[in-house]
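Structure at a glance
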Amino acid sequence: MSVDTPARSTAASSPEGRRRRGLMPEGSAYVAVGIALVGVGLTLGPILYLILGGFRTQGDLAANPTGFPDPFMWQNYWDILSKPLFWRQLLNSTLVAVATTAGVVLFGTMAAYPLARYSFKGRELVFVIFTTGLMFPLTVAVLPLYLLLRDMGLTGLWGLVIPQIAFGLPVTIIILRPFLAALPKELEEASFMDGISRIGFFWRMLLPLARPAMVTVGVLAFIGSWNAYLLPLLLLTGDPTGMTLPLGVTTFQGQHAAATTMIMAYTSLAMLPALAFFLLMERRIVDGLTGAVKG
Amino acid sequence: MTALEASGRSAAPAVDAQASAAGTRPVTPASEHTRRATVRKWAEIALFVGPAMVLFLTFVVYPVVSAARFSLYKWNGVSQFSDAEFIGFENYARALFGGTDPATQQAFTTAYSQPFWEALSHNFAIIFLSMAVQLPIALAVALTLNRRFRGRAFTRVVIFAPYVLSEVIAGTMWLIIFDPNGIATELMRGIGLDMPAGGWFEDPTWGFWTVFFIITWKYVGLAIILFLAGLSGVSEDLQEAAAIDGASWWQIQWRINIPLIGPTIRIWAFLSIIGSIQLFDMVWVLNRGGTAGQYSTIASYMMEIGFFRADWGYGSAIAVIMFFLSFVIALAYMATILRRDNAHPRKAR
């Protein structure tokens, strides 16, 4: 996929522009830009409104919801950022997402390795068992899962991490297996000749080589964990400082029902880490998704 | 060495005897070597696959099987499960047609069956509307944006952004925007209209459409990005050849681009259908599926009644029904629509 350069895109008189013009109706660049503007506006408009709303006073929001904040006030954001609650929830979300990602990637890669590169009886059966996991969404299993975790004493953040790893494994193994299988056979032969064991081969050769695919599945696992709501809703009840951000936002909203601009500030702040992560990883996320769809 | 010899002899005496007979010294015969290698191989496999398998069986398979078991009982989730009353398929019957007991059927139809079918109808309405509304919008946008123009990369990033936001945070945002006194109402009044009579979410007719609008805002970007990725794989030579032969822009889209990204469209539709059946977070954040269940889904209904009203047996039955629905639809879709794509893998590229 080529990255478009601004110079090329506007130069209608360049050979490139002339060549492509036959494929497009007259003025289609304007149509494209028009559609793009509408799309960007519809997408960003609500988000900007939310962020700006955080700078309003409650009275300003009621009197003048469509205008620019007047007075423009930092108080809401300052109130949230100067207290530990938001930071605690941010930390919780980060810890859970990092631990989930690490677990999914580590255990997923470990399981995918023999499934891709050993030949043994029952290999396909093991693979099929993992793939059935795709058909069991968390929603179906959540009531008994809650009981199981309660009986095992797995409460709090670990109670989130471990099931999330388990539910993340099928997709990970399905994406990683063909990737690992495609690595050349000679790698192993050369390593074994150098006296490296299979386990040593896994750590020293396979993990570094599989990094691109691991990043892809890792990013998907991270987003899934970061946005998770159903399991936190059941497990992280009570103390808001123990919650992850999505649950924290709904709880905050419930507790500050009258202070809409405060909720807007809190929701905006909760959005920012995900948007920042997305901007950093956009290419990876798109590749991961299109890869998963095409594969 | 002696220990090895001893174990070797006892493990494979026949080979040993042969080896001696052939005049070779019976030290660590080949069979012993391969046996140890085999054990080692299985140990390695167990080491690598084991953790994932244990996690998967414990936290995915076991709960799913438990859900199927719970669904056959009347149980409140608090008392011991061993005290729960076994009622066979009564929970399923209750959801589908109000139960088998004539004395209570009337009341249970109202209490259980109607909300179930209502929730299910919302799931199917979302599936249908995704195909009828989101698909054409996403296709049109993707086809229009599939050209070079200033700001294309920026546009793609922005349009895709809502997809990575959590449904919960996006939902909270829209809850504020669609507040009766919020900006949406203000904008409607600005063009001489008003919000729906009962409120954006509470209105019996329009509540569902508000939620569908929000779902579309959140997910149409994914479709656009997937379609654009598919379109980038369509050969430009093909389009150019058609243009030289006098095909119009519309003809090129209809005859070349859309058919060639068919596989991508069909996979997107698959993901969208499965996602629509399991939709939970968004509708739950928007007032738990609506004050009167205007836009409840099977998943939100399951949580409402199973967890928050402590009818675990019934909730589990709903979960199993949801699983069967996604399972049957997934199989049917794969067998009919996706089969074509798998039989002729990606001619498009």
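Rules used throughout
- Residues numbered from 1 in each chain as written.
- Chains lettered and ligands numbered in written order.
- Predicted model: local features only at pLDDT ≥ 70, side-chain atom pairs only at ≥ 80, totals over all residues.
- Heavy atoms only, no water.
- Contact = heavy atoms within 4.5 Å.
- Salt bridge = Lys/Arg side-chain N within 4 Å of Asp/Glu carboxyl O.
- Polar contact = N/O pair within 3.5 Å; in protein donor to acceptor, adjacent residues only side chain to side chain.
- Helix = DSSP H or I, 4+ residues; strand = E, 2+ residues; numbered from the N terminus.
- Buried < 20%, exposed > 50% of the residue type's maximum accessible area, 1.4 Å probe, protein only.
- Axes fitted to C-alpha atoms, helices over the stretch in contact; angles between N-to-C directions.
- Nonpolar A, V, L, I, M, F, W, Y, C, P; charged D, E, K, R; others polar.
- Parallel < 35°, antiparallel > 145°, perpendicular 65-115°, else oblique.
- Left-handed = near helix turned anticlockwise from the far one by under 90°.
- Core = buried A, V, L, I, M, F, W, Y, C linked by side-chain atoms within 4.5 Å.
- Patch = residues over 30% accessible without salt bridge, like charges linked within 9 Å, V, L, I, M, F, W, Y side chains within 5 Å.
- Areas by Shrake-Rupley, 256 points an atom, 1.4 Å probe, with all protein chains shown as cover.
- Phe/Tyr/Trp six-rings, centres within 6.5 Å; stacked < 30°, edge-to-face > 60°.
- Lys NZ or Arg CZ within 6 Å of the ring centre and 35° of its normal.

With that out of the way, let us pick up the interface of chain A and chain B. Counting residues at the interface gives 102 residues for chain A and 92 residues for chain B. Linking chain A with chain B are 1 salt bridge, by the criterion used here. Where glutamate 44 of chain B meets arginine 198 of chain A, a salt bridge forms, and the shortest distance between an N and an O atom there is 3.9 Å. At the boundary of chain A with chain B, the tally comes to 5 residue pairs in polar contact (both at pLDDT 80 or more).

A few words now on the side chain of histidine 122 of chain B. Residue and element names in this part refer to chain B. Along the chain, histidine 122 turns up in helix α5 (residues 102-145). A residue is classified by how much of its surface remains accessible, and histidine 122, at 10% relative accessible area, is buried. At 2.8 Å, the side chain of histidine 122 and the backbone oxygen of serine 296 are in polar contact. For histidine 122, the contacting residues outside a window of four places in its chain are Phe208, Gly293, Gln294, Tyr295 and Ser296.

A pair of packed helices is characterised by two quantities: the angle between their axes and the separation of those axes. Residues and elements named next belong to chain B. In contact at an axis separation of 8 Å, α5 and helix α14 (residues 298-308) are set at 150° when each is read in the N-to-C sense. Contacts between α5 and α14 involve Ala111, Tyr112, Pro115, Phe116, Ala119, Leu120 and Asn123 from the first element and Ile298, Tyr301 and Ile305 from the second. Across the contact of α5 with α14, the residue classes tally to 9 nonpolar, 1 polar and no charged.

Residue and element names in this part refer to chain A. Two elements in contact, helix α8 (residues 138-152) and helix α9 (residues 156-181), have axes whose closest approach is 12 Å; the angle formed by their N-to-C orientations is 140°. Judged by the angle between their axes, α8 and α9 are oblique. Remark: the crossing between α8 and α9 carries right-handed chirality. The residues of α9 that touch α8, namely those facing Leu138, Ala141, Leu145 and Leu149, are Gly159, Pro163 and Phe167. Of the residues that constitute the contact of α8 with α9, the class distribution is 6 nonpolar, 1 polar and no charged.

Moving on: the nonpolar core. By size, the foremost hydrophobic cluster in this structure holds 196 residues, and its most contacted members are Phe130 of chain A together with Phe59, Phe116, Phe201, Phe227 and Met303 of chain B. Per element, the largest residue contribution to this core is 15 residues, and it comes from helix α9 (residues 206-231) of chain B.

So, about a nonpolar patch on the surface. All names here are of chain A. On the surface, a nonpolar cluster with roughly 380 Å² of combined accessible area is contributed by Phe68, Phe72 and Trp74. Looking at the secondary structure, you find tryptophan 74 in the loop between α4 (58-63) and α5 (75-81). On the accessibility criterion, tryptophan 74 (57% relative accessible area) is exposed.

What follows concerns the packing of aromatic side chains. All chains considered together, the criterion is met by 54 aromatic pairs over all chains. Between phenylalanine 136 of chain A and phenylalanine 323 of chain B, the aromatic rings sit 5.2 Å apart at their centres with planes inclined by 40°, giving tilted as the arrangement. With phenylalanine 136 of chain A in the loop between α7 (123-132) and α8 and phenylalanine 323 of chain B in helix α15 (residues 312-343), this residue pair bridges two chains. Ring plane angle 85° and centroid distance 6.1 Å describe the contact between phenylalanine 208 of chain B and tryptophan 209 of chain B, whose orientation is recorded as edge-to-face. On the basis of relative accessible area, phenylalanine 208 of chain B is assigned to the buried category, the value being 10%. Taking the relative accessible area as the measure of exposure, tryptophan 209 of chain B reaches 40% and is therefore partly exposed. Arginine 177 of chain A extends its terminal NZ or CZ atom over the ring of phenylalanine 127 of chain A, reaching a point 4.2 Å from the ring centre. Its end group placed over the ring of tyrosine 118 of chain A, arginine 198 of chain A keeps NZ or CZ at 4.2 Å from the ring centre.

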